[in-house]
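As a plain string of letters, each chain reads:
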Amino acid sequence: MKEKNLFQGKLGFGTAPLGNMFRNIPEEEAIATVDAAWNNGIRYFDSAPFYGAGLAEIRLGEALSKYNRDEFVLSTKIGRLILDELEDPTARDLGEKGGLFEFGRKNKLVNDYSADATLRSIEDSLNRLKTDRLDIVYVHDIAQDFYGDEWLAQFEIARTGAFRVLSQLREEGVIKAWGLGVNKVEPIEIALELGEHKPDVSLLAGRYTLLDHDRALHRLMPEAAKQNVDIIVGGPYSSGILAGGTHFEYQKASPEIIAKVEKIKGIAQRHGISIKAAALQFSLANPAVASVIPGASKPERIAEDKAALNEVIPAAFWHEMREQKLVAENAPLPIDVK
(Lines give C-alpha, C1' and ligand atoms only; values in the text may rest on other atoms or scores of the structure.)
Protein backbone atom coordinates (compact mmCIF):
# COMPACT_ATOMS: atom_id res chain seq x y z
CA MET A 1 0.00 0.00 0.00
CA LYS A 2 1.07 3.55 -0.54
CA GLU A 3 0.26 4.72 2.97
CA LYS A 4 2.14 2.49 5.37
CA ASN A 5 0.88 4.32 8.45
CA LEU A 6 -2.77 4.16 7.41
CA PHE A 7 -3.77 1.76 10.17
CA GLN A 8 -2.31 3.89 12.98
CA GLY A 9 -1.02 0.98 15.02
CA LYS A 10 -0.96 -2.79 14.89
CA LEU A 11 -4.25 -3.26 16.76
CA GLY A 12 -7.59 -2.43 15.19
CA PHE A 13 -11.18 -3.23 16.11
CA GLY A 14 -13.48 -5.56 14.18
CA THR A 15 -17.15 -4.82 14.79
CA ALA A 16 -18.83 -8.06 13.70
CA PRO A 17 -19.84 -8.85 17.31
CA LEU A 18 -21.65 -5.51 17.51
CA GLY A 19 -24.10 -6.86 14.92
CA ASN A 20 -25.41 -9.18 17.64
CA MET A 21 -23.28 -12.09 16.54
CA PHE A 22 -24.19 -15.13 18.66
CA ARG A 23 -26.16 -13.06 21.20
CA ASN A 24 -28.38 -10.03 21.74
CA ILE A 25 -26.01 -7.27 22.88
CA PRO A 26 -27.50 -4.28 24.72
CA GLU A 27 -27.06 -0.97 22.92
CA GLU A 28 -25.19 0.64 25.81
CA GLU A 29 -22.77 -2.28 25.97
CA ALA A 30 -22.02 -2.01 22.27
CA ILE A 31 -21.36 1.74 22.46
CA ALA A 32 -19.24 1.30 25.59
CA THR A 33 -17.12 -1.28 23.75
CA VAL A 34 -16.31 1.17 20.96
CA ASP A 35 -15.52 3.85 23.56
CA ALA A 36 -13.20 1.40 25.30
CA ALA A 37 -11.41 0.78 22.02
CA TRP A 38 -10.95 4.51 21.53
CA ASN A 39 -9.77 5.06 25.10
CA ASN A 40 -7.19 2.28 24.62
CA GLY A 41 -5.72 4.06 21.63
CA ILE A 42 -7.34 2.07 18.83
CA ARG A 43 -7.90 4.20 15.74
CA TYR A 44 -8.76 1.66 13.05
CA PHE A 45 -12.35 0.41 12.94
CA ASP A 46 -13.78 -2.12 10.50
CA SER A 47 -17.42 -2.93 9.85
CA ALA A 48 -19.79 -4.34 7.19
CA PRO A 49 -23.46 -4.16 6.22
CA PHE A 50 -23.61 -7.93 6.73
CA TYR A 51 -23.00 -7.62 10.47
CA GLY A 52 -26.51 -7.74 11.84
CA ALA A 53 -28.04 -6.32 8.63
CA GLY A 54 -26.54 -2.89 9.29
CA LEU A 55 -26.68 -3.01 13.08
CA ALA A 56 -22.91 -2.96 13.59
CA GLU A 57 -22.49 0.00 11.23
CA ILE A 58 -25.28 1.92 12.97
CA ARG A 59 -23.77 1.32 16.39
CA LEU A 60 -20.25 2.13 15.24
CA GLY A 61 -21.42 5.32 13.55
CA GLU A 62 -23.23 6.44 16.69
CA ALA A 63 -20.22 5.73 18.89
CA LEU A 64 -17.68 7.39 16.61
CA SER A 65 -19.80 10.46 15.85
CA LYS A 66 -18.43 12.25 18.91
CA TYR A 67 -14.82 11.94 17.77
CA ASN A 68 -12.86 13.88 15.17
CA ARG A 69 -13.20 12.07 11.84
CA ASP A 70 -9.62 12.96 10.90
CA GLU A 71 -8.31 10.99 13.89
CA PHE A 72 -9.43 7.50 12.90
CA VAL A 73 -9.41 5.11 9.96
CA LEU A 74 -12.68 3.53 8.87
CA SER A 75 -13.35 0.56 6.61
CA THR A 76 -16.50 -1.24 5.61
CA LYS A 77 -17.54 -3.67 2.90
CA ILE A 78 -19.72 -4.04 -0.17
CA GLY A 79 -21.46 -7.05 -1.64
CA ARG A 80 -24.71 -7.06 0.31
CA LEU A 81 -27.50 -4.54 0.07
CA ILE A 82 -29.88 -4.04 2.99
CA LEU A 83 -33.52 -3.55 2.05
CA ASP A 84 -36.46 -2.09 3.97
CA GLU A 85 -38.27 -5.40 3.42
CA LEU A 86 -38.05 -7.73 6.41
CA GLU A 87 -37.18 -11.43 6.60
CA ASP A 88 -36.55 -14.14 9.17
CA PRO A 89 -32.82 -13.90 10.04
CA THR A 90 -32.73 -17.59 10.95
CA ALA A 91 -33.89 -18.55 7.44
CA ARG A 92 -31.10 -16.79 5.56
CA ASP A 93 -28.77 -18.86 3.39
CA LEU A 94 -25.36 -17.91 4.76
CA GLY A 95 -23.39 -20.89 3.49
CA GLU A 96 -21.20 -22.25 6.25
CA LYS A 97 -22.24 -19.44 8.59
CA GLY A 98 -25.93 -20.06 9.03
CA GLY A 99 -27.53 -18.38 12.03
CA LEU A 100 -24.53 -16.16 12.64
CA PHE A 101 -26.57 -12.96 13.02
CA GLU A 102 -29.96 -14.35 13.96
CA PHE A 103 -30.15 -11.71 16.73
CA GLY A 104 -29.46 -8.85 14.30
CA ARG A 105 -31.91 -6.66 12.41
CA LYS A 106 -34.55 -8.38 10.28
CA ASN A 107 -33.96 -6.34 7.14
CA LYS A 108 -33.59 -8.45 4.02
CA LEU A 109 -30.07 -8.95 2.67
CA VAL A 110 -29.43 -9.16 -1.08
CA ASN A 111 -26.07 -10.28 -2.47
CA ASP A 112 -24.90 -8.03 -5.29
CA TYR A 113 -21.34 -7.25 -6.44
CA SER A 114 -22.28 -5.19 -9.49
CA ALA A 115 -21.05 -1.65 -10.14
CA ASP A 116 -24.40 -0.02 -9.34
CA ALA A 117 -24.87 -2.04 -6.17
CA THR A 118 -21.35 -1.14 -5.04
CA LEU A 119 -22.07 2.58 -5.27
CA ARG A 120 -25.42 2.16 -3.55
CA SER A 121 -23.87 0.06 -0.80
CA ILE A 122 -21.24 2.70 -0.11
CA GLU A 123 -23.86 5.45 0.05
CA ASP A 124 -25.98 3.40 2.45
CA SER A 125 -22.97 2.64 4.64
CA LEU A 126 -22.02 6.31 4.82
CA ASN A 127 -25.50 7.07 6.15
CA ARG A 128 -25.43 4.30 8.73
CA LEU A 129 -21.91 5.21 9.82
CA LYS A 130 -22.77 8.92 10.05
CA THR A 131 -19.70 9.93 8.09
CA ASP A 132 -18.82 11.67 4.84
CA ARG A 133 -16.06 9.30 3.75
CA LEU A 134 -14.58 5.83 3.97
CA ASP A 135 -10.87 5.12 4.01
CA ILE A 136 -10.96 1.49 2.87
CA VAL A 137 -13.65 -0.59 1.17
CA TYR A 138 -13.50 -4.38 1.08
CA VAL A 139 -15.39 -6.67 -1.29
CA HIS A 140 -17.06 -9.03 1.16
CA ASP A 141 -17.23 -12.83 1.14
CA ILE A 142 -16.70 -13.69 -2.53
CA ALA A 143 -15.49 -17.11 -1.48
CA GLN A 144 -16.35 -20.78 -1.12
CA ASP A 145 -17.72 -20.57 2.40
CA PHE A 146 -20.68 -18.49 1.25
CA TYR A 147 -21.21 -19.49 -2.37
CA GLY A 148 -19.87 -23.03 -2.67
CA ASP A 149 -19.25 -24.00 -6.29
CA GLU A 150 -20.74 -20.69 -7.45
CA TRP A 151 -18.05 -18.56 -5.83
CA LEU A 152 -16.01 -18.06 -9.01
CA ALA A 153 -19.11 -16.76 -10.80
CA GLN A 154 -19.64 -14.28 -7.97
CA PHE A 155 -15.96 -13.34 -8.15
CA GLU A 156 -16.35 -12.59 -11.87
CA ILE A 157 -19.34 -10.32 -11.19
CA ALA A 158 -17.22 -8.47 -8.63
CA ARG A 159 -14.21 -8.29 -10.97
CA THR A 160 -16.23 -6.60 -13.70
CA GLY A 161 -18.34 -4.54 -11.30
CA ALA A 162 -17.10 -3.76 -7.80
CA PHE A 163 -13.38 -3.99 -8.60
CA ARG A 164 -13.64 -1.40 -11.38
CA VAL A 165 -15.75 0.99 -9.33
CA LEU A 166 -13.45 0.77 -6.33
CA SER A 167 -10.35 1.24 -8.47
CA GLN A 168 -11.87 4.39 -9.94
CA LEU A 169 -12.82 5.72 -6.51
CA ARG A 170 -9.26 5.08 -5.34
CA GLU A 171 -7.79 6.87 -8.34
CA GLU A 172 -10.11 9.81 -7.73
CA GLY A 173 -9.05 9.97 -4.08
CA VAL A 174 -12.56 9.22 -2.80
CA ILE A 175 -11.18 6.21 -0.91
CA LYS A 176 -7.58 5.50 0.07
CA ALA A 177 -7.55 1.78 -0.63
CA TRP A 178 -9.68 -1.24 -1.48
CA GLY A 179 -9.38 -4.98 -1.34
CA LEU A 180 -11.13 -8.21 -0.43
CA GLY A 181 -12.62 -9.11 2.93
CA VAL A 182 -12.84 -12.91 2.98
CA ASN A 183 -12.47 -16.02 5.11
CA LYS A 184 -10.62 -17.96 2.42
CA VAL A 185 -7.17 -17.52 0.90
CA GLU A 186 -7.95 -18.35 -2.73
CA PRO A 187 -9.95 -15.21 -3.69
CA ILE A 188 -7.11 -12.94 -2.59
CA GLU A 189 -4.60 -15.09 -4.49
CA ILE A 190 -6.64 -14.72 -7.68
CA ALA A 191 -7.06 -10.98 -7.16
CA LEU A 192 -3.29 -10.57 -6.87
CA GLU A 193 -2.89 -12.24 -10.27
CA LEU A 194 -5.14 -9.78 -12.09
CA GLY A 195 -3.62 -7.52 -14.68
CA GLU A 196 -5.80 -4.55 -13.74
CA HIS A 197 -8.10 -3.39 -10.97
CA LYS A 198 -5.92 -4.96 -8.32
CA PRO A 199 -6.35 -4.54 -4.54
CA ASP A 200 -3.72 -2.86 -2.42
CA VAL A 201 -4.92 -4.31 0.89
CA SER A 202 -7.05 -7.28 1.91
CA LEU A 203 -8.69 -8.51 5.08
CA LEU A 204 -8.19 -12.22 5.68
CA ALA A 205 -10.27 -13.60 8.56
CA GLY A 206 -9.41 -16.81 10.36
CA ARG A 207 -6.78 -18.00 7.89
CA TYR A 208 -3.65 -16.71 9.56
CA THR A 209 -4.04 -17.83 13.15
CA LEU A 210 -2.28 -20.22 15.49
CA LEU A 211 -4.81 -22.86 14.49
CA ASP A 212 -4.90 -22.35 10.73
CA HIS A 213 -2.10 -20.72 8.76
CA ASP A 214 -0.41 -23.21 6.41
CA ARG A 215 -1.99 -22.19 3.10
CA ALA A 216 -1.77 -18.46 3.71
CA LEU A 217 1.81 -18.84 4.91
CA HIS A 218 3.08 -20.66 1.86
CA ARG A 219 0.99 -19.14 -0.93
CA LEU A 220 -0.54 -15.80 -0.06
CA MET A 221 1.81 -14.02 2.30
CA PRO A 222 4.95 -14.18 0.09
CA GLU A 223 3.05 -12.85 -2.94
CA ALA A 224 1.33 -10.12 -0.93
CA ALA A 225 4.68 -8.97 0.44
CA LYS A 226 6.17 -9.04 -3.06
CA GLN A 227 3.38 -6.85 -4.41
CA ASN A 228 3.37 -4.54 -1.38
CA VAL A 229 -0.21 -5.51 -0.57
CA ASP A 230 -1.04 -5.22 3.12
CA ILE A 231 -2.84 -8.11 4.80
CA ILE A 232 -5.15 -7.34 7.71
CA VAL A 233 -5.75 -10.37 9.91
CA GLY A 234 -9.31 -10.70 11.14
CA GLY A 235 -10.47 -13.32 13.59
CA PRO A 236 -7.06 -13.90 15.23
CA TYR A 237 -8.78 -15.86 18.00
CA SER A 238 -10.39 -18.25 15.47
CA SER A 239 -13.96 -17.21 16.34
CA GLY A 240 -13.18 -17.21 20.06
CA ILE A 241 -11.64 -20.60 20.82
CA LEU A 242 -8.25 -18.93 21.36
CA ALA A 243 -9.74 -16.42 23.75
CA GLY A 244 -11.61 -18.67 26.13
CA GLY A 245 -14.65 -19.19 23.90
CA THR A 246 -16.18 -22.34 22.45
CA HIS A 247 -16.50 -21.42 18.75
CA PHE A 248 -14.10 -22.24 15.92
CA GLU A 249 -14.93 -21.11 12.40
CA TYR A 250 -18.22 -19.66 13.70
CA GLN A 251 -19.38 -23.11 14.86
CA LYS A 252 -18.95 -25.13 18.04
CA ALA A 253 -15.34 -26.31 18.11
CA SER A 254 -14.65 -29.96 17.31
CA PRO A 255 -12.93 -32.29 19.81
CA GLU A 256 -9.78 -32.17 17.64
CA ILE A 257 -9.60 -28.37 17.75
CA ILE A 258 -10.32 -28.33 21.48
CA ALA A 259 -7.49 -30.81 22.05
CA LYS A 260 -5.04 -28.67 20.06
CA VAL A 261 -6.04 -25.56 21.96
CA GLU A 262 -5.52 -27.38 25.24
CA LYS A 263 -1.97 -28.28 24.17
CA ILE A 264 -1.23 -24.64 23.37
CA LYS A 265 -2.80 -23.53 26.66
CA GLY A 266 -0.61 -25.99 28.54
CA ILE A 267 2.56 -24.59 26.97
CA ALA A 268 1.38 -21.04 27.58
CA GLN A 269 0.69 -21.78 31.25
CA ARG A 270 4.12 -23.33 31.72
CA HIS A 271 5.70 -20.15 30.40
CA GLY A 272 3.37 -17.85 32.32
CA ILE A 273 1.71 -16.17 29.35
CA SER A 274 -1.82 -15.82 28.00
CA ILE A 275 -2.95 -17.69 24.92
CA LYS A 276 -4.47 -14.43 23.62
CA ALA A 277 -1.01 -12.86 23.61
CA ALA A 278 0.37 -15.79 21.66
CA ALA A 279 -2.47 -15.59 19.15
CA LEU A 280 -2.13 -11.84 18.48
CA GLN A 281 1.64 -11.79 18.35
CA PHE A 282 1.83 -14.82 16.08
CA SER A 283 -0.40 -13.17 13.47
CA LEU A 284 1.56 -9.92 13.58
CA ALA A 285 4.95 -11.62 13.23
CA ASN A 286 4.44 -12.17 9.51
CA PRO A 287 5.93 -9.20 7.63
CA ALA A 288 2.97 -9.09 5.23
CA VAL A 289 0.56 -8.36 8.08
CA ALA A 290 -0.09 -4.67 8.72
CA SER A 291 -2.71 -4.94 11.45
CA VAL A 292 -4.80 -7.42 13.39
CA ILE A 293 -8.44 -6.71 14.23
CA PRO A 294 -9.98 -8.91 16.90
CA GLY A 295 -13.66 -8.39 17.54
CA ALA A 296 -15.17 -7.61 20.92
CA SER A 297 -18.62 -7.09 22.36
CA LYS A 298 -17.64 -6.20 25.92
CA PRO A 299 -15.56 -3.17 26.98
CA GLU A 300 -13.21 -5.20 29.18
CA ARG A 301 -12.12 -7.33 26.21
CA ILE A 302 -10.45 -4.31 24.62
CA ALA A 303 -8.06 -3.82 27.52
CA GLU A 304 -7.29 -7.55 27.38
CA ASP A 305 -6.41 -7.27 23.69
CA LYS A 306 -4.10 -4.32 24.30
CA ALA A 307 -2.42 -6.10 27.19
CA ALA A 308 -2.02 -9.22 25.05
CA LEU A 309 -0.38 -7.20 22.30
CA ASN A 310 2.17 -5.77 24.76
CA GLU A 311 2.73 -8.93 26.81
CA VAL A 312 6.32 -10.16 26.87
CA ILE A 313 6.47 -13.74 25.60
CA PRO A 314 9.67 -15.67 26.36
CA ALA A 315 11.52 -17.13 23.40
CA ALA A 316 11.28 -20.56 25.01
CA PHE A 317 7.52 -20.56 24.43
CA TRP A 318 7.92 -20.13 20.69
CA HIS A 319 10.71 -22.70 20.52
CA GLU A 320 8.45 -25.22 22.25
CA MET A 321 5.58 -24.40 19.90
CA ARG A 322 7.85 -25.19 16.96
CA GLU A 323 9.23 -28.34 18.56
CA GLN A 324 5.70 -29.61 19.27
CA LYS A 325 4.75 -28.79 15.64
CA LEU A 326 1.93 -26.55 16.83
CA VAL A 327 3.04 -23.93 14.31
CA ALA A 328 4.43 -24.47 10.85
CA GLU A 329 8.18 -24.93 10.90
CA ASN A 330 8.84 -21.93 8.65
CA ALA A 331 6.14 -19.64 10.07
CA PRO A 332 7.66 -16.29 11.12
CA LEU A 333 7.54 -15.95 14.89
CA PRO A 334 8.22 -12.92 17.11
CA ILE A 335 11.65 -14.38 17.94
CA ASP A 336 12.50 -14.22 14.22
CA VAL A 337 11.70 -10.53 13.84
CA LYS A 338 14.87 -8.47 13.57
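Residue positions within a chain follow its written sequence, with the count starting from 1. At least 70 in pLDDT is required for a residue's local features to be given in this predicted model, at least 80 for side-chain atom pairs to be given and counted, and no such filter applies to totals for whole chains, interfaces and linings, which use all residues. Only hydrogens and water are set aside; all other atoms, that is, all heavy atoms of the structure, feed into the side-chain values.

Caption draft 1: Molecular detail of the overall build of the protein chain. Segments assigned H or I by DSSP are reported as helices when at least four residues long, segments assigned E as strands when at least two residues long, and all are numbered from the N terminus. Across its full length, the protein chain carries 12 helices and 12 strands. With the principal axes as the frame, the protein chain shows a C-alpha extent of 55 × 45 × 40 Å. Considering the protein chain as a whole, with its 338 residues, one finds that 57% of them fall into the buried category. Any pair of residues with heavy atoms lying within 4.5 Å of one another is described as a contacting pair. Contacts spanning at least 24 positions in sequence make up 77% of the contacts within the protein chain whose residues lie at least 6 apart. Whether a residue is buried, partly exposed or exposed follows from its accessible area with a 1.4 Å probe, protein chains only, as a fraction of its type maximum: under 20%, in between, or over 50%, in that order.

Caption draft 2: Summary view of the side chain of Ser125. For Ser125, the location among the structural elements is in helix α3 (residues 115-129). Contacts described as polar in this section are N or O atom pairs within 3.5 Å, which, within protein, must combine one atom able to donate a hydrogen with one able to accept it, while residues neighboring in sequence count only if both atoms come from side chains. Separated by 2.8 Å, the side chains of Ser125 and Glu57 make a polar contact. Once residues lying within four places of it in the same chain are set aside, the contact partners of Ser125 are Pro49, Glu57, Thr76 and Lys77.

Caption draft 3: How the structure looks around the sheet that holds strand β12 (residues 289-293). Pairs of strands are assigned from DSSP output, requiring at least two bridges between the strands. One open sheet holds the eight strands; their spatial order is β1-β2-β3-β6-β7-β8-β9-β12, and the pairing between them is parallel. Each of the sheet's edge strands pairs with one partner strand only, and the pair in question is β1 (13-14) and β12. Looking at chain direction, strand β7 (residues 177-182) and strand β8 (residues 201-205) are connected through two bridges and run parallel. Directly across from Gly181, in β8, lies its bridge partner Leu203.

Caption draft 4: Just the pairing of strand β6 (residues 136-140), in detail. Counting buried residues along β6, five of its five residues qualify, which places the element largely inside the surrounding structure. What you see with β6 is no split at all: Ile136, Tyr138 and His140 on one side and Val137 and Val139 on the other are buried throughout. Bridge count between strand β3 (residues 73-78) and β6: four bridges; the pairing is parallel. Note that in β6 the partner of Lys77 across the bridge is Tyr138. As paired elements, β6 and β7 share five bridges and run parallel to each other. From the neighbouring strand, Tyr138 faces β7, where its bridge partner is Gly179.

These figures capture arrangement, not role.
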